[in-house]
Amino acid sequence: MNPFLVLAFPFARHALLAASFVAVAAGWIGFYVVVRGTAFAAHALPKIGFAGASGALLLGVNSLVGVSLYSAVAALGIGALAERDRRDVATALVLALGLGTGALFLSLGNLYAEDAMSLLFGQVLGVSSSGVIETACVSAVGIALVAAFHRRLLFTTLAREAAAVRGASNRMADWALLVSLGLATSAMMPVVGALLSFSLLVGPALAARHLARRPWQAIALSVALSLLITWLSLFLSFSLGWPVGFFVSCLSALAYAASRGSSRAFARKTAAPAA
Amino acid sequence: MTLGWLGEALASAPVEHALVAGTEIAFLSGLVGAFVILRGQSFAGHVLTDVGTTGGAGAYLVGMNGWLGFLSFGVVASVGMELTGGRTRGERDLATGVVLSLALGFGALFLYLDAQLAHANASMAVLFGSLFTLDPALVPWISLAAAACLVAMLLIWRPLALASVNPDLARVRGVPVRAISVAFMVVLAVAVETDALVAGSLLATALIVGPAATAARFTANPLRAGLTGGLLGALIVAASVLLSYDSYTWLPQHTSWPVSFFVAALAFLAYAAAAGADRATFRRRAEVELR
């Protein structure tokens, strides 16, 4: 089907709108994920959100509530455990517990494979107009949270000792990032699904980091790339019928590879005259 | 009465197969997990489960045995990750992340195609495990793989321990650090991908990290941590299999609760208990030192 003709249908416009909000949030928050190197948490929280969504399905409440609640609790749990043990261990343990309960919810709710699949891989065509508004609100809150902590997030990462001396708390910044990750997750769940929101969080931001020099430049570039990737993926998915997440992950990897290659070529060109 | 259902459970062939294969592989996972904790490779271990998803889904797609799909993808990915490793941990995690996201993307596509071709249950089996429907013909192969990994671990134990704690010193002493790391990653891949049969690819992490992290709260000695973690893991899986068998009667609607839920919950409980106990002893020790 011609992807542009599809836009005449309301479901496609809803999908496009929701995906755009999600893309902005993912590109923005992903920047901090990349700078702070918290890829594992960015991968774990969406998966935990999946468990929350299956719990919401079991209880019959709004899945957005389930995902937000579950991933926020998990974010706080990871933050609290990470103070006592190594961070990757804490993340892995919370992730396993979250997914275990998710498996239980799915089997107790007698949910079929299709339900699990749509949670894991997204069901973008099922987004309603109220869903679009919910997605927009959750994305906005997530962005507002990281934007409020922008200076602290960068300060505590790039100059940890100086930040500690100045009394800027790394813990608060950490929790702010984790919670906004959880929020972004719940916005992304219906669009790209739990497994592949990670691609959208990390791919564009990584690509932007290789091309930009200043934080705001990197954020803008990351948001732009993420929007581009999302729109392209949606159109490809409309026309081919394959899952959106597949295209998102392929295009993200492609963007990363291209930016890495170009920045390396650029570095060689600038290094050559100096030599 | 308890012995009654236990005896009934033990007499059933699927439960027996699940117990044999599950405890063997859980022991190996705990042993390997001690080094995963020591080397800070929880993320890599987790990534292997997701790569395994892609392999398992792809295997169902072409009608191959699921375990072989898990294994082949896992081993290739583990060697690839080890050889392309970055300099710092954050950097390594991000590079791993890109590979992971690509693998997940293809996994999504394969599972989608599986569902299209009416293997809807295949995707659930890949993601959440299906220990009770384990092919009996696979059990000896799983035992063989576990035994081979155990022997490999014992062979590389001392150099691996040295290379994990102090790679520079190991290099000076003439230990082939890179080869040892690659060998370890292959063993890890086999353990992780077989765990995926027990607990599903989403939950294999619980068996690698949970028991080993619990053991690591008590001892810094890798041998002791490995053995404790292995025994704890085997215990957790055995208990999970039996609980899952028994849970059929727990709720009026008669659904047996998934094995993977019990594995994750018990692993987390064990860790939480250990962390609590550890903190209590730590406080006591600190008080003694202050005096």
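Computed from a predicted model, the values in this text were never measured in an experiment.

Asks: How should I be thinking about the overall build of chain B in this particular structure?
Replies: Looking only at helices and strands, chain B features twelve helices and zero strands. When burial is assessed residue by residue, chain B has 55% of its 291 residues classed as buried. Restricting to contacts in chain B with at least 6 residues of sequence separation, those with at least 24 account for 77%. Here chain B has roughly 12400 Å² of accessible surface; of this, 68% comes from carbon and sulfur atoms.

Asks: What am I meant to see in the packing of helix α3 (residues 39-59) of chain A against helix α3 (residues 42-62) of chain B here?
Replies: The packing of two helices is summarised by the inter-axis angle and the distance between the axes. At a closest axis distance of 11 Å, the pairing of α3 of chain A and α3 of chain B adopts a crossing angle of 45°. Taken together, α3 of chain A and α3 of chain B sit at an angle that is classed as oblique. The hand of the α3 of chain A/α3 of chain B crossing is left-handed. For the pair α3 of chain A and α3 of chain B, the contacting residues are Ala39, Phe40, His43 and Lys47 of chain A in the first and Ser42, Phe43, His46 and Asp50 of chain B in the second. Here the residues of the contact of α3 of chain A with α3 of chain B are counted per class, giving three nonpolar, three polar and two charged.

Asks: Where do I start with the interface of chain B and chain A in this structure?
Replies: For interface size, the figure often reported is the accessible area lost on association. Across the contact, 50 residues belong to chain B and 47 residues belong to chain A. At the boundary of chain B with chain A, total buried surface from both sides reaches about 4200 Å², with 78% on carbon and sulfur atoms. Together, Leu94, Val98 and Phe268 of chain B form the three largest contributors to the area buried by chain B at its contact with chain A, with a combined 14%. Counting across the chain B and chain A interface gives one salt bridge. Linking Asp50 of chain B and Lys47 of chain A is a salt bridge whose minimum nitrogen-to-oxygen distance equals 2.7 Å. On the surface where chain B and chain A come into contact, there are seven residue pairs in polar contact (both at pLDDT 80 or more). Elements that contribute at least two residues to the side of chain B that touches chain A include exactly α3, α5 (89-116), α6 (120-128), α10 (204-216) and α12 (259-290) of chain B.

Asks: I keep staring at the environment of Ala15 of chain A and nothing clicks. Help me out?
Replies: Residue and element names in this part refer to chain A. The residue Ala15 is located in helix α2 (residues 10-36) in this model. Ala15 gets classed as buried once you look at its relative accessible area, which sits at 0%. The sequence separation of Ala15 and Pro190 amounts to 175 residues, and the corresponding C-alpha distance is 9.5 Å.

Parameters at a glance
- Residues numbered from 1 in each chain as written.
- Chains lettered and ligands numbered in written order.
- Predicted model: local features only at pLDDT ≥ 70, side-chain atom pairs only at ≥ 80, totals over all residues.
- Heavy atoms only, no water.
- Helix = DSSP H or I, 4+ residues; strand = E, 2+ residues; numbered from the N terminus.
- Buried < 20%, exposed > 50% of the residue type's maximum accessible area, 1.4 Å probe, protein only.
- Contact = heavy atoms within 4.5 Å.
- Areas by Shrake-Rupley, 256 points an atom, 1.4 Å probe, with all protein chains shown as cover.
- Axes fitted to C-alpha atoms, helices over the stretch in contact; angles between N-to-C directions.
- Parallel < 35°, antiparallel > 145°, perpendicular 65-115°, else oblique.
- Left-handed = near helix turned anticlockwise from the far one by under 90°.
- Nonpolar A, V, L, I, M, F, W, Y, C, P; charged D, E, K, R; others polar.
- Buried area = accessible area lost by both parts, 1.4 Å probe.
- Salt bridge = Lys/Arg side-chain N within 4 Å of Asp/Glu carboxyl O.
- Polar contact = N/O pair within 3.5 Å; in protein donor to acceptor, adjacent residues only side chain to side chain.

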